[in-house]
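Topology and contacts: notes
Single-letter residue listing:
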Amino acid sequence: MAKKSTGPSRGLHTALGIDIGGTGMKGGVVQLGHGKKSGRLLGDRFRIPTPQPASPEAVADVLAQITTELDARDGAPAPGFPVGVDFPAVIQDGICRTATNIDPSWIGTDVDGLFSERLGRPVRTLNDADAAGLAEVRFGAGRGVRGTVLVITLGTGIGSGLFRDGGLVPNLELGTIELDGIMAETRASAAARERDGIDWPEYAERLQRYFSYVEGIFSPDLIIVGGGISKRPDDYLPHLTLRTPIVPATLKNNAGIVGTALWALENLPAGSD
């Protein structure tokens, strides 16, 4: 039988985090707390392809499969403990408000309610970039940094997370801002670089324009760059000139899982233990 943690008041330091992406849904048991080992996965990630079409009901079914597998692992939190889920959309009080890169049927869906009913336990959802940013600020490249931290993820689009003294300002959609007359992520995302077949120095010129713009708006104390290209910082960071220190993310592909597990732990329902 899997070893089970107790409750938050008795030192609970694990939670389940699940990341919902366009091609895959992956989750893990996350070690939380304040020690050196916090912010890491206990064991491997568990992944199932995202169903196509990715309707709310189909995604909820896959979510249940992942949760069942994680519940059986050593170190998993007690049965019924809230699950954290990140989602590629604006999430406001558990409701999906946008559908830029997901099925339009999600708009207006009570995602927290749908997932909680399917799993038979509380579920706490948040935007995927917010989840990745939360992980980086608490456990990664932004750990211990005070002031304003801006986390930008470069992938299919541009995700963004804004933090003030570690606190999240949710649903900042900086990929959708207009830059040079068009949506920023259509020129400066990692997918745009591949689509247009440009080399890294030319791509860095686009990033310079983008980062200079958001730096001028927010005057952050630190910028963290996440997404797949965070694995190749030497290809673009040396070409950027900003007032603000800019560094690559450190948690890589686990950031969303870690951040959403932390979100679940920090947003417990009243009376949870």
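The text that follows walks through the structure, step by step, so that each part is easy to find.

**A short note on the pattern of salt bridges**
One pass over the structure, following the stated rule, counts 11 salt bridges. Between R73 and E69 there is a salt bridge, and its shortest N-O distance comes to 3.0 Å. By relative accessible area, E69 is classed as partly exposed at 29%. Of the charged contacts, one joins D165 and R146 as a salt bridge, the two residues approaching to 3.7 Å between their closest N and O atoms.

**Description of the sheet that holds strand β11 (residues 167-169)**
The pairing of strands in a sheet happens through backbone hydrogen bonds and is either parallel or antiparallel. If you walk across this open sheet you meet the 5 strands as β11-β10-β9-β14-β15, and the pairing is mixed. Two strands in the sheet have a free side with no partner beyond their single neighbour: β11 and β15 (246-248). Pairwise comparison of adjacent strand axes, ignoring direction, gives a mean angle of 30 degrees for this sheet. Where strand β10 (residues 158-164) and β11 come together, 3 bridges link them in antiparallel fashion. Note that in β11 the partner of L162 across the bridge is V169. In this fold helix α3 (residues 128-139) packs onto β9 (148-154), β10, β11 and β14 (222-226), with an angle of close to 45 degrees to the strand it touches most, β10.

**Quick look at empty space enclosed by the protein**
Counted under the stated rule, the structure contains 1 cavity of 30 Å³ or more. In this model, the largest cavity occupies a volume close to 40 Å³. Lining the largest cavity, in full, are L179, D180, A184, R187, A188, R206 and R209. Residue composition of the lining of the largest cavity, grouped by class: 3 nonpolar, no polar and 4 charged.

**Some words on the environment of I198**
You can see I198 is positioned in the loop between α5 (190-196) and α6 (200-218). Residue class for I198 comes out buried when judged on its relative accessible area of 9%. If we ignore the near neighbours within four places in the chain, the residues touching I198 are R193, Y203 and R206.

**Considerations on the pairing of strand β5 (residues 83-87)**
Consecutive side chains along a regular strand alternate between the two faces of the sheet. Counting buried positions along β5 gives 5 out of 5 residues, so the element sits mostly inside the fold. In β5, alternate side chains face the same way, and those of V83, V85 and F87 on one face and G84 and D86 on the other are all buried. Of the strand pairs in this sheet, strand β1 (residues 14-20) and β5 are connected by 4 bridges, and their pairing is parallel. Across the sheet, the residue bridging to I18 is V85, located in β5. Examined bridge by bridge, β5 and strand β8 (residues 123-127) share 5 bridges and lie parallel to one another. Paired with V83 across the bridge in β8 is V123.

**Considerations on the side chain of Q208**
Note on placement: Q208 falls in helix α6. Within the local environment of Q208, its side chain forms a polar contact with the side chain of S212, the two groups lying 2.8 Å apart. Excluding its chain neighbours within four sequence positions, the residues that come into contact with Q208 are H239, L240, T241 and L242.

**Structural notes on unusual backbone geometry**
Residue P53 is reached from Q52 by a cis peptide bond, and omega for that bond is 0 degrees. Among the structural elements, P53 can be located in the loop between β4 (46-49) and α1 (56-71). Within the chain, D165 stands out as a residue other than glycine whose phi angle is a positive 50 degrees. Note that D165 resides in the loop between β10 and β11. Even without being a glycine, K252 presents a positive backbone phi close to 50 degrees.

**What about the packing of aromatic side chains?**
Any pair of aromatic rings gets described here by the distance separating the centres and the angle formed by the planes. Taken as a whole and assessed by the stated rule, the structure comprises 5 aromatic pairs. Seen from their ring centres, W200 and Y203 are 5.9 Å apart, and the 70 degrees between their planes marks the pair as edge-to-face. Here Y203 and W200 lie together in helix α6, a separation of 3 residues that amounts to about one turn. Centre to centre, the rings of W200 and Y236 are 6.0 Å apart; their planes meet at 20 degrees, and the pair counts as stacked. One end of the pair, W200, is in helix α6; the other, Y236, is in the loop between β14 and β15, with 36 residues separating them in the sequence. Here W200 falls in the buried class, since its relative accessible area comes to 12%. We classify Y236 as buried; its relative accessible area is 0%. Each member of the aromatic cluster is reached from another via a ring pair, and the members are F87, W106 and F115.

Rules used throughout
- The written sequence of each chain sets the order in which its residues are numbered from 1.
- Confidence filtering applies because this is a predicted model: local features only for residues at pLDDT of at least 70, side-chain atom pairs given and counted only at 80 or more, and all residues used for totals across whole chains, interfaces and linings.
- Hydrogens and waters are ignored; side-chain quantities use all the structure's heavy atoms.
- Salt bridge, as applied in this entry: a Lys or Arg side-chain nitrogen positioned within 4 Å of an Asp or Glu carboxyl oxygen.
- Each residue gets one of three labels from its accessible area relative to the maximum for its type: buried under 20%, exposed over 50%, partly exposed in between, using a 1.4 Å probe on protein chains only.
- Pairs of strands are assigned from DSSP output, requiring at least two bridges between the strands.
- Helix and strand assignments come from DSSP, with helices taken as H or I runs of at least 4 residues and strands as E runs of at least 2, each series counted from the N terminus.
- Comment: axis = line fitted to C-alpha atoms, over the contacting stretch for helices; angle = value between 0 and 180 degrees taken between N-to-C directions.
- Whether two residues are in contact is decided by their heavy atoms, any of which lying within 4.5 Å being enough.
- Method remark: on a 1 Å grid restricted to protein atoms, a set of points is classed as a cavity if a 1.4 Å probe fits but cannot get out and as a pocket if it is open with protein on both sides within 12 Å along at least five of seven lines; lining residues have an atom within 4 Å of a point.
- Grid points are joined across faces, edges and corners, and a volume is the space filled by probe spheres set on the points.
- Classes in brief: Ala, Val, Leu, Ile, Met, Phe, Trp, Tyr, Cys and Pro nonpolar; Asp, Glu, Lys and Arg charged; the others, Gly included, polar.
- N or O atoms closer than or at 3.5 Å make up a polar contact, with two conditions inside protein: a donor-capable atom paired with an acceptor-capable one, and, for residues adjacent in sequence, both atoms drawn from side chains.
- Here a Phe, Tyr or Trp ring, Trp counted by its six-membered ring, pairs with any other such ring whose centre lies within 6.5 Å, and the pair is stacked when the planes are under 30 degrees apart, edge-to-face when over 60, and tilted otherwise.

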